[in-house]
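# A structural walkthrough
Each chain, written out:
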Amino acid sequence: MDKILDIDNIDLKIISLLNEDAKTPYTEIAKKVFVSSGTVHVRMKKLEDMGIVKSATLNIDFSKLGYDISAFLGIYLEKSSLYDTVIERLKEIAEVVSAYYTTGNYSIFAKIICRDTNHLRLVLDKIQKVDGIDRTETLIVLEESINRPIQFFDKEK
């Protein structure tokens, strides 16, 4: 919790700007935050060292690369103690792009991306054969309506 105390509004503004577009040059961020580009660099290094900033990512339109199916997969485990083993196996399946250990109906909630329904069926077959998985429920995405970074607000507010 102490590390959170080391974050100020300048750090939050830098994070917010890079969260919108990770390719934004530090010089441009510096102008928007009213600090030097060296300050942005030092602040980013601090945020990385603290483990707050882990990496920069791209927002990719997978459909333009031929991957037309996105789906969420609710995974029921035979026993919750099998979570670590199942996650390690899911990491080996390239189409699984994210997975979360959750409360509620599912033990694991995963997102998968596939080329088409035939590819989806093959991926589901592969996932359902993982030892420790009892059953799955698939929810196919019809449209992604919101995909945005979290907006940080001033600490004083």
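Computed from a prediction, not measured in an experiment: that's the story for all the values here.

## Examining the UniProt feature "domain: HTH asnC-type" (unreviewed entry) in the protein chain
Within the UniProt annotation, "domain: HTH asnC-type" (unreviewed entry) is assigned to residues 7-68. For residues 7-68, helix accounts for 53% and strand for 0%, while the C-alpha atoms at its two ends are 40 Å apart.

## Examining the pairing of strand E3 (residues 108-114)
Most of E3 is tucked away, with 5 of its 7 residues classed as buried. Looking at chain direction, strand E1 (residues 69-77) and E3 are connected through 7 bridges and run antiparallel. Bridge pairing links Ser70 to Ile113 in E3. Sheet topology note: the strand E2 (residues 96-101)/E3 ladder contains 5 bridges and is antiparallel. Of the residues in E3, the one forming a bridge with Val96 is Ile112.

## Let's talk about the packing of aromatic side chains
A complete count under the given rule lists 4 aromatic pairs for this structure. Ring geometry for Tyr83 and Tyr101: centres 3.9 Å apart, planes at 20 degrees, overall stacked. Of this pair, Tyr83 sits in helix H5 (residues 83-91) while Tyr101 sits in strand E2, and the two are 18 residues apart along the sequence. Joined through ring pairs, the aromatic side chains of Phe72, Tyr76, Tyr106 and Phe109 make up one cluster.

## Considering the packing of helix H3 (residues 26-33) against helix H4 (residues 37-49)
Between H3 and H4, the shortest axis-to-axis distance is 8 Å and the interhelical angle comes to 105 degrees. By the angle between their axes, H3 is roughly perpendicular relative to H4. When H3 is examined against H4, the residues Tyr26, Thr27, Ile29 and Ala30 are found in contact with a partner set consisting of Ser37, Val40, His41 and Met44. Looking at the contact of H3 with H4, its residues break down into 5 nonpolar, 3 polar and no charged.

Thresholds, definitions, all that
Numbering of residues starts from 1 in each chain and follows the order in which that chain's sequence is written. Given that the model is predicted, a residue must reach a pLDDT of at least 70 before its local features are reported, and side-chain atom pairs must reach 80 or more before they are shown or counted; all residues, however, enter totals for whole chains, interfaces and linings. The side-chain numbers reported here are obtained from all heavy atoms of the structure, hydrogens and water having been left aside. UniProt positions are given in the numbering used here, feature names are shortened, and annotations may be inferred rather than shown by experiment. For the purposes of this entry, the term helix denotes a DSSP run of H or I that reaches at least four residues, the term strand denotes a run of E that reaches at least two, and both are numbered from the N terminus. The cut-offs for exposure are 20% and 50% of the maximum accessible area for each residue type, with area from a 1.4 Å probe on protein chains only; residues under the lower value are buried, those over the upper are exposed, and the others partly exposed. Here the rule is simple: two strands pair whenever DSSP picks up at least two bridges between them. Pairing of aromatic side chains requires ring centres within 6.5 Å, counting the rings of Phe and Tyr and the six-membered ring of Trp. Pairs whose planes differ by under 30 degrees are stacked, by over 60 edge-to-face, and all others tilted. Only the stretch in contact is used when fitting a helix axis, every axis being a line fitted to C-alpha atoms; angles between N-to-C directions are given from 0 to 180 degrees. Roughly parallel covers angles under 35 degrees, roughly antiparallel covers those over 145, roughly perpendicular covers 65 to 115, and oblique covers all other angles. Contact definition: two residues touch when any of their heavy atoms are within 4.5 Å. Any residue that is not Ala, Val, Leu, Ile, Met, Phe, Trp, Tyr, Cys, Pro, Asp, Glu, Lys or Arg is counted as polar, Gly included; the first ten are nonpolar and the last four charged.

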